[in-house]
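# Observations on chain architecture
Here's the letter readout for the chains.
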Amino acid sequence: MEPYSAVDVIRAKRDGTRLTDGQIDWVVDAYTRGAVAEEQMSALAMAIFLRGMDTVETARWTAAMVDSGETLALRTDRPTVDKHSTGGVGDKITLPLAPLVAACGAAVPQLSGRGLGHTGGTLDKLESIPGWRARLTTEEILAQLADVGAVICAATEGLAPADRKLYALRDVTGTVESIPLIASSIMSKKIAEGADSLVLDVKYGSGAFMKTVEDARALANALVGIGVSRGLRMSALITDMSVPLGRAVGNAVEVAESVDVLRGGGPADVVELTVALAREMLSLAGLSDVDPAAVLASGAAYETWARMIRAQGGDPEAALPEPAHVHVIPAPSSGVVSYLDAYAVGVAAWRLGAGRARKEDPVQAAAGILCHAKPGDVVRAGNPLLELRTDTPAAVPAALAALDGGYAIADTAPERAPLVLETIRG
Ligand code: URA
């Protein structure tokens, strides 16, 4: 006999009542074991979407999702610190950041996901490296963390299974865009991962989940609040995602750009954000005397990257896949690039084969876009502006349609918002 009735819980939230700890613990557990039906959880998710949950309810909902599965017991002498990004176009920062922070003395367990829609997935990018393996056992994760200090891999099945089930349901019931549901979803996985500290990169702008700074700030505050309530050291950077990050958007092209950064080069915005996040992570980890910019320049972060890739079966020196077809969009006139819309570039890369429409779809390792010029860059008419890369040339017209109106050339350079707008500390 169940202690609560799903219909009573749905009615309570539908009518705007706070859910009790007991109701929350029960409904999340009962849904995970199948005692609450999908249609009942759909109704409850919609009631939460419309009525919201306060900070106490959200923290309890998160805890119930953590308790639905296992928690990694990280065994390492180093302080453990992780980063989570809410996702963006060209956001490859995890790739240089995890080995950089490990090279600075912390341990970075980075359990990542795959791309869905116009934002890319870290695992899809890394899988363009010949031999690299995303799926590790819990023992392998712990061993690599102790040995190399950084691991980027797929989340194990046992972490927050309630979230996996609920996220799939939200995806098909129009209930994704709810701050309490997004915040509890993200934080349940991060808490289960077991790091002591977490830095969030909460993005706003056309290429982000949150289109406005206000929404990004509200999400950041909700995320930080949940983490702090569980005893994590937390910070959130609010960052601009109206323009793609770096010059590469896709899979192999983003790995190549990340390697450039690890070797001391790479685009200035990728370096700036990598170093800013690393500084924040090191500060939370009690290592603020280490300068990540100096470690990056020393080549030590590249060495950690190479060990991290090898530990997962990959060859860090192997050539990355090249596309079967390249289509170059030339600059339509001479002047300064005044606009390059992250969302348009993200959708175009996705249509070229870099991303997937359904969870089961494969991605093309070589697909993506190289931005030869970005806002502020001077171009001459006819010079390459964007390079579309794909194994399926039939995809090019759809990518071109996505880019229509997504870039502009003017006489003067555009005003740019700072990349890191503000930092919220828990
Ligand atoms: N990412 C997550 O993990 N969960 C959400 O609900 C949204 C983005």
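Calculation rules
- Residues numbered from 1 in each chain as written.
- Predicted model: local features only at pLDDT ≥ 70, side-chain atom pairs only at ≥ 80, totals over all residues.
- Heavy atoms only, no water.
- Helix = DSSP H or I, 4+ residues; strand = E, 2+ residues; numbered from the N terminus.
- Rg over C-alpha atoms; globule rule 2.2 N^0.38 Å.
- Buried < 20%, exposed > 50% of the residue type's maximum accessible area, 1.4 Å probe, protein only.
- Contact = heavy atoms within 4.5 Å.
- Areas by Shrake-Rupley, 256 points an atom, 1.4 Å probe, with all protein chains shown as cover.
- Lys, Arg positive; Asp, Glu negative; His and termini not counted.
- Charge placed at Lys NZ, Arg CZ, Asp CG, Glu CD.
- Axes fitted to C-alpha atoms, helices over the stretch in contact; angles between N-to-C directions.
- Parallel < 35°, antiparallel > 145°, perpendicular 65-115°, else oblique.
- Left-handed = near helix turned anticlockwise from the far one by under 90°.
- Nonpolar A, V, L, I, M, F, W, Y, C, P; charged D, E, K, R; others polar.
- Pairing = 2+ DSSP bridges.
- Expected span 1.5 Å × (residues − 1).
- Salt bridge = Lys/Arg side-chain N within 4 Å of Asp/Glu carboxyl O.

## Looking at the overall build of the chain
On a plain count of helices and strands, the chain comes out with 16 helices and 13 strands. Computed over its C-alpha atoms, the radius of gyration of the chain comes to 22 Å, within 12% of the 22 Å expected for a compact globule of 426 residues. Oriented by its inertia axes, the alpha-carbon framework of the chain measures out at about 70 × 45 × 35 Å. Within the chain, the proportion of its 426 residues that are buried is 54%. Put simply, of all contacts in the chain between residues at least 6 apart along the chain, 78% involve residues at least 24 apart. Entry remark: accessible area of the chain is about 16,500 Å², with carbon and sulfur atoms responsible for 53%. Positive and negative charge centroids in the chain, built from 39 and 52 side chains respectively, lie 1 Å apart.

## Observations concerning the packing of helix α1 (residues 6–14) against helix α2 (residues 21–32)
Here α1 crosses α2 at 125°, and the two axes come no closer than 11 Å. It follows that α1 is oblique to α2 by the angle criterion. Judged by the twist between their axes, the crossing of α1 over α2 is left-handed. Across from Ala6, Val9 and Ala12 in α1, the residues of α2 making contact are Gln23, Trp26 and Val27. In the contact of α1 with α2, the residues fall into five nonpolar, one polar and no charged.

## A few points about the sheet that holds strand β1 (residues 81–85)
Remark on secondary structure: sheet strands pair via backbone hydrogen bonds, oriented parallel or antiparallel. The four strands lie next to each other as β1-β4-β5-β13, forming an open sheet whose pairing is mixed. At either end of the open sheet lies a strand with only one pairing partner, and these are β1 and β13 (420–425). The mean angle between the axes of side-by-side strands here comes to 15°, regardless of whether they run parallel or antiparallel. Note: β1 against strand β4 (residues 197–204), five bridges, orientation parallel. Counterpart to Val81 in the pairing with β4 is Ser197. Lying over the sheet, helix α10 (residues 213–229) contacts β4, β5 (233–240) and β13, oriented at roughly 165° with respect to β5. Against the sheet, helix α12 (residues 268–284) engages β1, β4, β5 and β13, with an angle of about 150° to β4.

## Notes on helix α9 (residues 179–193)
Compared with an ideal rise of 1.5 Å per residue, which puts 15 residues at 21 Å, α9 spans 21 Å between its outermost C-alpha atoms and is within 8% of the ideal. For α9, a buried count of 13 out of 15 residues is recorded, marking the element as mostly surrounded by other parts of the structure. Phi turns positive one or two residues past the end of α9, at Gly194, with a value near 90°.

## Some thoughts on the pattern of salt bridges
Per the stated rule, a full pass over the model turns up 29 salt bridges. For Asp82, the salt bridge goes to Lys190, with nearest N and O atoms at 2.7 Å. Taken together, the residues span a long stretch of sequence, with Asp82 in strand β1 and Lys190 in helix α9 at a distance of 108 residues. Each member of the pair Asp82 and Lys190 is classed as buried. A salt bridge links Arg425 to Glu280, with the nearest nitrogen and oxygen atoms 2.8 Å apart. Within this pair, whereas Arg425 is found in strand β13, its partner Glu280 is found in helix α12, the two being separated by 145 residues in sequence. On the basis of relative accessible area, Arg425 is assigned to the exposed category, the value being 56%. Among the charged side chains, a network of salt bridges with common partners joins Glu2, Asp29 and Arg33.

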